[in-house]
Amino acid sequence: MIPFSPPRIDQKIIDEVTDTLRSGWITTGPKTKRFEKELSAYYGAAATLCLNSATAGLELMLRWFGVGAGDEVILPAYTYSATANVIMHCGATPVFVDVADDFNIDINTIRRAITAKTKVIMPVDFAGFPCDYDALNALVHEIDIKKLFSPNSPEQRQLARIMILSDAAHSLGARYKGRLTGSLTDVSVFSFHAVKNLTTAEGGAIALCLPEPFDNQAIYQQLCVKSLHGQNKDALAKMQKGNWRYDIVEPGYKMNMTDIMAAIGLVELSRYESETLPKRKQICRAYSEKLSKFSWAITPSLHQVDTESSYHLYPLRIAGVNEAQRDEIIRRISDKDVSVNVHFIPVPMMSYYRGLGYNMLDYPIAYQLYAAEISLPVFYALDDNQLQVVVDSVVTAVHDVLNQ
Ligand SMILES: *Cc1c(COP(=O)(O)O)cnc(C)c1O
């Protein structure tokens, strides 16, 4: 059985986690704080807050910006449900837009979707391929679009335009014009879920790059409080001699990262550029080399002039198949003991969102991409023999189904 994306758990990880367990400090503490600093230095953000998931980070930032009932948030139809669910949690309205042929949100469809109620745009770096951040950042600065913006929180008044909250769950380490995701727009949120490129089992991080006059360090402190019950001191601070008294300044959330999680993350980050990314790149390039000779294979964008993926997913497409044929191809690949997936079933297709009145016919490109998509396994331990088994199983399954 070739798995889809097992985590890389070796002695180094076990030793670092054991060190935390033996240290006497297992929840948020020195390792989480070190992980935050190392992440900020890695991708070049002003500050990073680590949390228990990306979902928590996205919701915290919507709430920090004062997004609520009556507000609209624009996001691509082609994403995981978390991106939309957090908008619902805040009582705001998800405004899905169609994507372009690279699976990422389409700037022109965003432009048409912007109204006086739009508060945030949430682009998604699908599969790890960064969105066009220069275009996104320019769009929210356009005079007519800024004029339309009607702020109703102090943070909205200070920014005086739509905020870009990037769902960068896939794109840690991705490059755009010489910079890394996490430094490209107002706020980026990473996921360290078990299947992501860099894992802490569960986990996520908010990378802050809000423009002047925002003070990202002060916002980091504010978010620490918001993410931990609204308590003005964290557990570590309360541990200091005689420092027991604390206050609750708002009804905060419980979203903190533990030092056990950060221990895994520190090891993962220390070898991310030297081992993880090169290996994932090698696997994805090998898939493209082996598959691009078939006329039915639409291989994904991995590397363009200014833009390079983090190689999180390998979203292959099969030209000319419908959804049922794609499903049959997957069934045949699975029969060969190869695990593949579909990323994603677009959110408007989910029963809950359909029930709200969203209709997949409004997102024709997202549907086309989805109906033909098969994500191939990408993980650190995948060797050349396994890779060939994956390719052979795909080729055989596609030929059998296309010749039926
Ligand atoms: C995984 C994922 C998330 C959620 O990440 P969690 O850390 O599990 O909350 C959000 N958006 C996208 C696109 C994802 O793939």
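Look above for the structure.
Below or above, wherever it landed, is the structure these notes cover. (Residues numbered from 1 in each chain as written. Predicted model: local features only at pLDDT ≥ 70, side-chain atom pairs only at ≥ 80, totals over all residues. Heavy atoms only, no water.)

Moving on to the sheet that holds strand β13 (residues 373–376). In spatial order, the strands read β10-β12-β13; together these three strands make up an open sheet with antiparallel pairing. In the strand order of this sheet, the two ends are held by β10 (297–298) and β13, each with one partner. Sheet contacts for helix α12 (residues 272–291): β10, β12 (314–318) and β13; angle to β12, the most-contacted strand, approximately 15°. Against the sheet, helix α13 (residues 323–335) engages β12 and β13, with an angle of about 25° to β13. (Pairing = 2+ DSSP bridges. Helix = DSSP H or I, 4+ residues; strand = E, 2+ residues; numbered from the N terminus. Contact = heavy atoms within 4.5 Å. Axes fitted to C-alpha atoms, helices over the stretch in contact; angles between N-to-C directions.)

Pairing between the strands of a sheet comes from backbone hydrogen bonds, and it takes one of two forms, parallel or antiparallel. Spatial ordering of the open sheet is given by β1-β9-β8-β5-β4-β2-β3, a layout of seven strands whose pairing is mixed. The open sheet is flanked by β1 (47–51) and β3 (93–97), the only strands paired with a single partner. This sheet shows a mean twist of 25° between the axes of neighbouring strands, independent of strand direction. Inspection of the sheet shows strand β8 (residues 187–191) paired to strand β9 (residues 204–208) by five bridges, in the antiparallel sense. By the bridge assignment, F190 is partnered in β9 with A205. Contacts from helix α9 (residues 216–226) reach β1 and β9, with the element oriented near 15° to β1.

As a further point, take the site of the ligand. Around the ligand, the structure places 16 residues, and the nearest of them are T55, D167, H170, S191 and K196. The contact in question runs from an oxygen atom of the ligand to an N or O atom on the side chain of K196, over 3.3 Å. Within the contact set of the ligand, an oxygen atom lies 3.5 Å away from a backbone nitrogen or oxygen of G203. When isolated, the ligand has an accessible area of 380 Å², and the protein chains bury 92% of it. Taking a 2 Å distance to the grid points as the criterion, the majority of the atoms of the ligand fall inside the largest pocket. Counting only elements with at least two residues in the shell around the ligand, the list comes to α3 (54–64) and α4 (81–89). Split into classes, the residues belonging to the shell around the ligand amount to six nonpolar, eight polar and two charged. (Near = heavy atom within 4 Å. Polar contact = N/O pair within 3.5 Å; in protein donor to acceptor, adjacent residues only side chain to side chain. Areas by Shrake-Rupley, 256 points an atom, 1.4 Å probe, with all protein chains shown as cover. 1 Å grid on protein atoms, 1.4 Å probe; cavity = no way out; pocket = protein on both sides within 12 Å on 5 of 7 lines; lining within 4 Å. Sits in = over half its atoms within 2 Å of the grid points. Nonpolar A, V, L, I, M, F, W, Y, C, P; charged D, E, K, R; others polar.)

Another point: the nonpolar core. L62, M122, L165, I206 and L208 are the most contacted members of the largest nonpolar core, which totals 75 residues. Here this core spans two domains, and each of domain 1 (11–269) and domain 2 (273–402) adds at least three residues to it. The residues contacting L165, other than those within four sequence positions of it, are L58, M61, L62, V120, I121, M122, P123, V187 and V189. Grouped together as the second largest cluster of nonpolar side chains are 34 residues, L316, I330, V390 and V391 included. (Core = buried A, V, L, I, M, F, W, Y, C linked by side-chain atoms within 4.5 Å. Buried < 20%, exposed > 50% of the residue type's maximum accessible area, 1.4 Å probe, protein only. Domains from an automatic or database assignment.)

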